[in-house]
Amino acid sequence: MAAIGLSRIEETAPALISLYKTAGVSLVKHGLDGLRAAVYLVVDYSGSMKPYYNDGSVQALADRVLGLSAHLDDDGTVPVVFFSTDVDAVTDIALADHRGRIERIVSGLGHMGRTSYHLAMDAVIDHYLDSGSTAPALVIFQTDGGPINKLAAERYLCKAARLPLFWQFIGFGDPTSKQFDYLRRLDDLAVPAKRIVDNAGFFHAGENPSKVTDADLYDRMVGEFPKWLVAARSQGIVGEEWRPHGGAGLYRYAAPPRGRDQPQRTRTRQR
């Protein structure tokens, strides 16, 4: 059973009904029906991303993530991190006001910088730890290129493997670009030599990501999540209380607090 029922989607976000239904089909297909989990969205705000903001691709991704999250989390919001050279904003998107939300957020942001994965990852980790939740979390991490500090990104991913966070990277842009070689290597980091479990996936949505069908996108978003859940439980990263109940999915959940509009987080971790 979905965390948020169809009737609430019809009332608060009727434009997302089709996405909501398609996401539900994908979750059933991957054995995740009834799952309760936090969902995060991380979006690249570097200069090369400007066309994807202008053509609505980022808003379309946000809507799709909301459609998925409604099955997993009952608060109707998704925390969102915008990043470039630094963290540009930590805020949220919600069912009730999803239309044009991305445009409203970026209108208040400054210069579009470069690409620092590790700072965005740090913001997600801070948010999750501050929440006090022990729920598994699916982090949808969108970017159109490799990071400026590759070593830091790898270090953060490997350390984060001990947390109940799964990082699903999505590439926008030319699939043949060498910019994405790093993400492919990150996806294949050795287990357990580099990290305790495989806590990341990567797929490319191409130069026209909005043209990827909803069904295909959802299948790719959640396709590696079940395998990670099994591995995370076996390592004690996800508690036994999150074991599927009667084949209907994970049955216990503590939601993280809503995101907050803020230009930058105060961090205590070493970079």
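Shown above is the structure to which this text applies.
Summarised in this report is the structure supplied together with it. This is a predicted model, so every value here is computed, not measured.

1. Details of the overall build of the protein chain
Tallying secondary structure elements over the protein chain gives 10 helices and six strands in all. Here the protein chain, with 271 residues, has 58% of them falling under the buried criterion. The long-range share in the protein chain, meaning contacts at least 24 apart out of those at least 6 apart in sequence, stands at 80%. Surface exposure of the protein chain reaches about 11,400 Å², of which carbon and sulfur atoms provide 50%.

2. Considering the sheet that holds strand S1 (residues 38-44)
Sheet strands pair by backbone hydrogen bonding; their relative direction is either parallel or antiparallel. Pairing within the open sheet is mixed, and its six strands lie in the order S3-S2-S1-S4-S5-S6. With partners counted over all chains shown, the strands left at the sheet margins are strand S3 (87-94) and strand S6 (200-204), one partner each. Geometrically, the sheet is characterised by an average inter-axis angle of 20 degrees between neighbouring strands, direction not taken into account. Here strand S5 (residues 165-171) pairs with S6 via five bridges, running parallel. Looking across to S6, one finds that glycine 171 is bridged to histidine 204. Along the sheet face, helix H4 (residues 57-72) touches S1, strand S2 (77-83), S3, strand S4 (137-143) and S5 and points at about 170 degrees away from the line of S1.

3. With respect to the pattern of salt bridges
Applying the stated criterion across every chain yields a total of eight salt bridges. Aspartate 92 is the salt-bridge partner of arginine 101, the closest N and O atoms lying 4.0 Å from each other. Considered together, arginine 101 and aspartate 92 belong to a single accessibility category, that of buried residues. Glutamate 154 is paired through a salt bridge with lysine 194; the nearest N and O atoms lie 3.1 Å apart. Here glutamate 154, found in helix H7 (residues 150-160), pairs with lysine 194, found in the loop between helix H8 (181-187) and S6; they are 40 residues apart in sequence, far enough to count as distant. You can call lysine 194 partly exposed: its relative accessible area is 45%.

Scoring rules and cut-offs
Residues numbered from 1 in each chain as written. Predicted model: local features only at pLDDT ≥ 70, side-chain atom pairs only at ≥ 80, totals over all residues. Heavy atoms only, no water. Helix = DSSP H or I, 4+ residues; strand = E, 2+ residues; numbered from the N terminus. Buried < 20%, exposed > 50% of the residue type's maximum accessible area, 1.4 Å probe, protein only. Contact = heavy atoms within 4.5 Å. Areas by Shrake-Rupley, 256 points an atom, 1.4 Å probe, with all protein chains shown as cover. Pairing = 2+ DSSP bridges. Axes fitted to C-alpha atoms, helices over the stretch in contact; angles between N-to-C directions. Salt bridge = Lys/Arg side-chain N within 4 Å of Asp/Glu carboxyl O.

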